[in-house]
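A closer look at the structure
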Amino acid sequence: MISLTLPEHELDLEATLFSGQLFRWQRQDDGWLTGYVGTQRLCLRQTESTLELAETDEATVRHFLRLDELALGEQARRWSASDPLFASAWKRQPGLRLLRQDPHECFFSFLCASVAPIARISKMLQAVCEEASGEPLGPFPSLEALLTLRESQLRARGLGFRAERVVAAARKLAEKPDGWLDSLRGKPLAEIESELTPFPGIGRKIADCIALFSLDADAAVPVDTHIWRIAKTHYAPELRDASLTPANYERAASAFQRKFGPYAGWAQQTLFYQQAVK
DNA sequence: GGTAGACCTGCGCCG
DNA sequence: CCTGCCAGGTCTACT
């Protein structure tokens, strides 16, 4: 087993894993948390400023948690100094990081996420895994396995109108070259959005979730109903009586990006958490 | 460019 | 116990 010591407020593992970025991690006995990044199983536990790893190599964990890429504590101090709303959200819940997920799982996770609470998203994804691979809690099924799924089968498992989208999106993804989704990592956000939104069931919000949570687009701000409300009341008051049209989505996201800069997506996650999860 | 409806379902929630 | 509404949106048909 490996132990890492982290600076204070650099990571709150539990809050991070259950902040609605991903939906299939499990709480085990003794405080261990387990989940997959691609086919690799991770087993993590945090006690105060110590992070313990089991069954897992350190490099994989650092890459997944993005530990060496952003000194979150310092960044949060600067954001707190310039914004009272962020300051209060961070004070209540420091250490909320963004993770680097497997784009494949992230793609299908957020395809299932529209108008569903987190508990239901988890349940739907577990059903998808069980139907495609027989293992509800195993690694996320490959595209080949997902291609065997039928809409009727997924509807019977509670996916609702998302069932058709999952089947159609998998088919469309299969037409792309191998590794296409991974190759989007690091591309400009606008390019990622224009590549993803043609997929059935993927609009701008879900494209931004995939970009932010798995493709390193740190400035992406997925404007859901909660972030929209925060934008209207705090960062873009001129939108107070507006509705969430595509043009206003852009204005809201831009307001966050002006306020928080190239890592606006990270700030957004802390604000979102206070509003929607906790 | 913007508005209105439809679309599945729930260890759901409130009255 | 039951109706009605809401939940991390997207898409389509209209104005």
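The rules behind each value
Position labels on residues start from 1 in each chain and follow its written sequence. As a convention, the first chain written is A and the first ligand written is 1, with the rest following in written order. The model is predicted, so local features are restricted to residues of pLDDT at least 70 and side-chain atom pairs to those at 80 or more, both for listing and for counting; the totals for chains, interfaces and linings are taken over all residues. No hydrogens and no water enter the side-chain calculation; it runs on all heavy atoms of the structure. Here a residue is considered near a molecule or strand provided that any single heavy atom belonging to it is located within 4 Å of it. We define a polar contact as two N or O atoms separated by no more than 3.5 Å, with the added condition that, inside protein, one atom must be a possible hydrogen donor and the other a possible acceptor, whereas residues neighbouring each other in sequence contribute only through side-chain atom pairs. By definition, any uninterrupted DSSP run of H or I lasting at least four residues is a helix, any uninterrupted run of E lasting at least two residues is a strand, and each is numbered from the N terminus. Throughout, the ten residues Ala, Val, Leu, Ile, Met, Phe, Trp, Tyr, Cys and Pro are labelled nonpolar, Asp, Glu, Lys and Arg are labelled charged, and all others, Gly among them, are labelled polar. Domain start and end points were adopted from an automatic or database domain assignment. The contact criterion used throughout is that any non-hydrogen atoms of two residues lie within 4.5 Å. Accessible area that two parts lose when put together, evaluated with a 1.4 Å probe and summed over both, is termed the buried area. Salt bridge, as applied in this entry: a Lys or Arg side-chain nitrogen positioned within 4 Å of an Asp or Glu carboxyl oxygen. We call a set of buried residues a nonpolar core when its members are Ala, Val, Leu, Ile, Met, Phe, Trp, Tyr or Cys and they connect through side-chain atoms within 4.5 Å of each other. Throughout, exposure labels follow a simple rule: accessible area from a 1.4 Å probe, protein chains only, divided by the maximum for the residue type, with under 20% read as buried, over 50% as exposed, and the rest as partly exposed. Between any two strands, at least two bridges found by DSSP are needed for them to pair. Only C-alpha atoms enter the line fits that serve as axes; for helices the fit covers just the stretch in contact. Angles between N-to-C directions range over 0 to 180 degrees.

1. Things to note about the protein's contact with DNA strand C
What surrounds DNA strand C is a group of 23 residues, the closest being Gly20, Ser114, Gly201, Gly203 and Ile206. Considering DNA strand C, the proportion of its atoms within 4 Å of the protein that are sugar or phosphate atoms stands at 64%. A distance of 2.8 Å is found between a phosphate oxygen of DNA strand C and a backbone nitrogen or oxygen belonging to Gly201. In this structure, Gly203 approaches DNA strand C through a main-chain N or O atom, which is 2.8 Å from a phosphate oxygen. Element by element, the count of residues in the surface near DNA strand C is highest for helix α12 (residues 204-214), at 3 residues. Here the surface near DNA strand C is composed, by residue class, of 11 nonpolar, 8 polar and 4 charged.

2. Comments concerning the domain arrangement of chain A
What the domain assignment reports for chain A is domain 1 (2-69) and domain 2 (103-214). On a C-alpha basis, the centres of domain 1 and domain 2 stand 23 Å from each other. The partner domain 2 presents 15 residues to the 9 residues of domain 1 that form the contact. Around 1100 Å² of area is buried between domain 1 and domain 2 when both sides are counted, 60% of it from carbon and sulfur atoms. When residues of domain 1 are sorted by the area they lose upon contact with domain 2, Phe23, Arg24 and Tyr36 head the list and together hold 63% of the total. Where domain 1 touches domain 2, the interface holds 1 salt bridge. When the shortest N-O distance is used, the salt bridge between Arg24 and Glu105 registers 2.8 Å. For the interface between domain 1 and domain 2, the tally reads 3 residue pairs in polar contact (both at pLDDT 80 or more).

3. So, the side chain of Gln93
Relative to the helices and strands, Gln93 resides in the loop between α4 (84-92) and α5 (103-111). If we ignore the near neighbours within four places in the chain, the residues touching Gln93 are Asp12, Ala15, Thr270, Tyr273 and Lys278.

4. Structural notes on the protein's contact with DNA strand B
Residues in close proximity to DNA strand B include Arg120, Lys123, Arg155, Gly158, Gly160, Phe161, Arg162, Ser243, Thr245 and Ala247, which together make up its full environment. Protein-adjacent atoms of DNA strand B, using a 4 Å cutoff, are sugar or phosphate at a proportion of 75%. Contact between DNA strand B and Lys123: a phosphate oxygen at 2.8 Å from a side-chain N or O atom of the residue. A distance of 2.9 Å separates a base oxygen of DNA strand B from a polar atom in the side chain of Arg162. Of the residues belonging to the surface near DNA strand B, the class tally is 2 nonpolar, 4 polar and 4 charged.

5. Quick word on the nonpolar core
Phe107, Phe108, Phe110, Leu196, Ile202, Phe256 and Phe260 are the most contacted members of the largest nonpolar core, which has 73 residues in total. With 7 residues, α12 is the largest single contributor of residues to this core. In this view, Phe256 contacts Val221, Ile227, Ile230, Ala231, Tyr235, Gly261, Ala264 and Leu271; residues no more than four positions away in its chain are not counted. Of all hydrophobic cores here, the second largest spans 17 residues; its members include Leu44, Phe64, Leu65 and Leu99.

6. Quick word on the sheet that holds strand β4 (residues 40-47)
The strand order across the open sheet formed by 5 strands is β1-β5-β4-β3-β2, and the pairing between neighbours is antiparallel. Each of the sheet's edge strands pairs with one partner strand only, and the pair in question is β1 (2-5) and β2 (26-27). Note: β4 against strand β5 (residues 50-54), 5 bridges, orientation antiparallel. Across the sheet, residue Arg45 finds its bridge partner in β5, namely Glu52. Its contacts with the sheet place helix α2 (residues 58-65) against β1, β3 (33-37), β4 and β5, and it is angled at close to 75° to β4.

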